[in-house]
Amino acid sequence: MEALRIARGSAACVSSELPSSAAIRMPRNRRFAFVGVSSKRDTGEGVRALRCASRRTDRETTSGVDGKDLEKVLVRDSPVDYQKASPNGKTEVVDDTPHPITGGEEEPTTIEGSETTIQVTYNIIFVTSEAAPYSKTGGLGDVCGSLPISLAARGHRVMVVSPKYLNGVTDHLFEGLSDLGCRIKVSCFGGEQEVAFFHEYRAGVDWVFVDHPSYHRHGSPYGDNYGAFGDNQFRFTLLCHAACEAPLVLPLGGFTYGQKCLFLVNDWHAGLVPVLLAAKYRPHGVYQDARSIVIIHNLAHQGVEPATTYGNLGLPAEWYGALEWVFPMWTRRHALDRGEAVNILKGAVVTADRLLTVSQGYAWEITTPEGGYGLNELLSSRKSVLNGITNGIDVNDWDPSSDKHIPFHYSYDDLAGKVKCKTALQEELGLAVRPDCPLIAFIGRLDYQKGTDLIQSAIPELLQDDVQFVMLGSGDPDTENWMRYAEGTYKDKFRGWVGFNVAISHRITAGCDILLMPSRFEPCGLNQLYAMRYGAVPVVHATGGLRDTVENFDPFSEEGIERGTGWTFSPLTKESMLGALGNAIKTYKEHKSSWEGLMRRGMQRNCSWDNAAVQYEQIFSWALLDPPYVK
């Protein structure tokens, strides 16, 4: 029961002088902001709930706020509502109940007519295996490095919990952290494991890093040159247990986040969090008002391990069914193989309050047999709480008018720098400097998902045309070797950069005319968003987020004006891909005005995280409509 004692705030790392979360009141000098939240409960009362919460403007702890100094107004679907007359003669409804997630007291707003605008601020906990710039292998790191900042800027209190990876290369990224002096022990894997917490407050976000020796090794967060780490289940089980304790025991800015939180659980690495909330905490009265939202970035990875490992996860035996996974007969290796396993992402889908994917198209695809990877029936059964929100990008980091990685700057109003970036890239790569020659690029992991095998099969035919092609990426060794071979074979037209370099990826994006993305599946995709912002035209397979974000070029729309930001192709065949590329190349060479229109429409597209943050807030409000998951 040590973990539960810690969960109740009795850990040694919490100061005895710190008041409990229930006793904390916010400062009088706090600013307030409001946004409308409408709710309609299953009882059919249909009363509009206007929930208010204060925005934190300092990180001080105070003894309290006199309720007489505040004019609280709230309309609730609750039997405990009180009406009073305001000084201006209008009838108002007063409620003194703390907000179910923020825990703060409701603050005033005036109801004028039938429309009221208020804002609810939340205590948000991101749990993730990576967060840029501290750790990143793909889109997950970008999302968890940017979305928390956008939500914090909108007034929410945000914490990101991630491992403190020390691999000898990126150690300098963690040098600015402070040791919180908090050590806790969590029960899992046959004993008590001690973890420490490190912290940095940056861009309005509490970045919290879980420290344990298992995170100190060479390689990526998940593996090295020899493959995935064999103890990844252990490493991310520790992360999940620590993330559940962090809001309770870390007095950040003077006080803890407390029990009234929204947990944003990213992929299988964090998938034990909603299970732990339901199985370990709520039965003992902890996290009764918390909610969990699982964000699926890539369903292909689910955290599946042998069934015998369930006892290591620190969960009660009766919760095995939530994670139980049985492989079909045709996948089993021998007659005695019963196909029994535990699936962490499945457990998260079962116990989470809401489900999210990183695009609307992917939210549909994962409910199909082709895209569901065995979870499609379960996900279909939870369609009522499944939504998709397209990722945004860091528009400050990816801005052609100020990008520090590119040699010339340009913008929507002045595209002259785009051609200069192209010629500079051609010089850097040793290609003929030809501004009139279409330059096609591929940037991404070299693996089956990204469709690099399709590129290999198409290159001999594609390079018969007057084009140049550059590839940047690493991954499959055979594809890396092919890139070296292709560079030697097509010396005047093909360049391959094996590895990944942030600066060169920016320069390729700024210098290329066409970005090719023949992905077999793509939950969201970010490179096509980067490309459009930099005036490069994407040619993509019509799947997932690629289909959602790239509008197919239409030169003959009904309104008599051109539409579209690129080309999509389907089915995923060499012929279909070459057809779309052929249309793009012909448009580039023969229809300059249409090409410039494609560039400008792409550059005008709103790809910021602020747009996505508004949609996330709507999901937060929906998560509160129903009670939390209990068995």
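Structure: see above.
Being a predicted model, the structure only gives us computed values, none of them experimental.

### A look at empty space enclosed by the protein
In this approach, a probe sized like a water molecule rolls over the atoms, and the result shows the empty space that is left.
Logical step 1: What the rule picks out here adds up to one cavity of 30 Å³ or more.
Logical step 2: Approximately 30 Å³ is the volume found for the largest cavity.
Logical step 3: As for the largest cavity, its lining consists of Gln233, Phe236, Thr237, Cys240, Trp268, His269, Leu272 and Ile344.
Logical step 4: Considering only residue class, the lining of the largest cavity consists of five nonpolar, three polar and no charged.

### Some words on the pairing of strand β5 (residues 178–188)
Sheet faces and side chains relate simply in a regular strand, where the side chains alternate between the two faces.
Logical step 1: Sheet topology places β5 next to strand β6 (residues 191–202); eight bridges connect them, and they run antiparallel. Bridge pairing links serine 187 to glutamate 192 in β6.

### Details of the packing of helix α2 (residues 139–153) against helix α17 (residues 609–623)
Logical step 1: Running from N to C, α2 and α17 point in directions that differ by 75°, and their axes come no closer than 9 Å. Taken as axis vectors, α2 and α17 run roughly perpendicular relative to one another. Within the contact between the two elements, α2 uses Asp142, Val143, Ser146, Leu147, Ser150 and Leu151 and α17 uses Trp609, Asp610, Ala613, Tyr616, Glu617 and Phe620.
Logical step 2: For the contact of α2 with α17, the residue count by class is seven nonpolar, two polar and three charged.

### Regarding the pairing of strand β15 (residues 354–357)
Logical step 1: Judged by which residues are buried, β15 turns out to be covered on both faces: Arg354 and Leu356 on one side and Leu355 and Thr357 on the other are all buried.
Logical step 2: Alignment of strand β11 (residues 291–296) against β15, held across four bridges, turns out to be parallel. Among the inter-strand pairings, valine 294 is bridged to a residue of β15, identified as leucine 355.
Logical step 3: By the bridge criterion, three bridges tie β15 to strand β16 (residues 386–388) in an arrangement that is parallel. From the neighbouring strand, threonine 357 faces β16, where its bridge partner is glycine 388.

### Considering unusual backbone geometry
Logical step 1: Note that the residue after alanine 132, namely proline 133, is joined by a cis bond; omega there is 5°.
Logical step 2: In the Ramachandran plot, tyrosine 373 falls in the positive-phi region, its phi being about 50° despite a non-glycine side chain.
Logical step 3: Considering the arrangement of structural elements, one finds tyrosine 373 in the loop between α7 (360–365) and α8 (376–381).
Logical step 4: Of the residues examined, tyrosine 373 reaches a relative accessible area of 38% and is grouped as partly exposed.

### Considering the sheet that holds β6
By definition, the strands of a sheet pair up through backbone hydrogen bonds, in either a parallel or an antiparallel sense.
Logical step 1: Here we have nine strands laid out as an open sheet, ordered β5-β6-β7-β4-β3-β10-β11-β15-β16, and mixed in their pairing. For this open sheet the edge positions go to β5 and β16, each flanked by a neighbour on one side alone. This sheet shows a mean twist of 25° between the axes of neighbouring strands, independent of strand direction.
Logical step 2: Pairing analysis gives six bridges linking strand β4 (residues 157–163) to strand β7 (residues 205–211), with the strands arranged parallel. By the bridge assignment, valine 161 is partnered in β7 with valine 208.
Logical step 3: Each of β3 (123–127), β10 (262–266) and β11 is contacted by helix α4 (residues 272–281), which is oriented at about 140° to β10, the strand it contacts most.

### Here we look at the packing of helix α3 (residues 232–249) against α4
Logical step 1: Taken N-terminus to C-terminus, the directions of α3 and α4 make an angle of 60°; their axes are 9 Å apart at the nearest point. The pairing of α3 with α4 is recorded here as oblique in orientation. Taken as a pair, α3 and α4 cross one another with a handedness that is right-handed. The residues of α4 that touch α3, namely those facing Thr237, Cys240, His241, Cys244, Glu245 and Leu248, are Leu272, Val273, Leu276, Leu277, Lys280 and Tyr281.
Logical step 2: Taken together, the residues of the contact of α3 with α4 sort by class into eight nonpolar, two polar and two charged.

### Section: the sheet that holds strand β21 (residues 537–541)
Logical step 1: Here six strands make up an open sheet; going across it, the order is β19-β18-β17-β20-β21-β22 and the pairing parallel. The open sheet has two free edges, formed respectively by β19 (494–498) and β22 (567–569), since each of these has just one partner strand. For this sheet, the mean angle separating the axes of adjacent strands, direction not counted, is 15°.
Logical step 2: Judged from the five bridges that link them, strand β17 (residues 439–443) and strand β18 (residues 468–473) form a sheet pairing that is parallel. Bridged to alanine 441 within β18 is valine 470.
Logical step 3: Each of β17, β18 and β19 touches helix α12 (residues 502–511); the most contacted strand, β17, lies at about 145° to it.
Logical step 4: The strands that helix α15 (residues 574–590) touches are β17, β20 (514–517), β21 and β22; relative to β22, the one it contacts most, it runs at about 165°.

### A short note on the packing of aromatic side chains
Logical step 1: Within the structure shown, the criterion is met by 21 aromatic pairs.
Logical step 2: In this structure an aromatic cluster arises from ring pairing among Tyr134, Phe174, Trp207 and Phe209.
Logical step 3: Cation over ring: arginine 157 sits above tyrosine 257, and NZ or CZ is 3.8 Å from the ring centre.
Logical step 4: In this arrangement the basic side chain of lysine 592 is found over the ring face of tyrosine 588, its NZ or CZ atom lying 3.9 Å from the centre.

Basis of the calculations
- Residues numbered from 1 in each chain as written.
- Predicted model: local features only at pLDDT ≥ 70, side-chain atom pairs only at ≥ 80, totals over all residues.
- Heavy atoms only, no water.
- 1 Å grid on protein atoms, 1.4 Å probe; cavity = no way out; pocket = protein on both sides within 12 Å on 5 of 7 lines; lining within 4 Å.
- Points joined across faces, edges and corners; volume = space filled by probe spheres on them.
- Nonpolar A, V, L, I, M, F, W, Y, C, P; charged D, E, K, R; others polar.
- Pairing = 2+ DSSP bridges.
- Helix = DSSP H or I, 4+ residues; strand = E, 2+ residues; numbered from the N terminus.
- Axes fitted to C-alpha atoms, helices over the stretch in contact; angles between N-to-C directions.
- Parallel < 35°, antiparallel > 145°, perpendicular 65-115°, else oblique.
- Contact = heavy atoms within 4.5 Å.
- Buried < 20%, exposed > 50% of the residue type's maximum accessible area, 1.4 Å probe, protein only.
- Left-handed = near helix turned anticlockwise from the far one by under 90°.
- Phe/Tyr/Trp six-rings, centres within 6.5 Å; stacked < 30°, edge-to-face > 60°.
- Lys NZ or Arg CZ within 6 Å of the ring centre and 35° of its normal.

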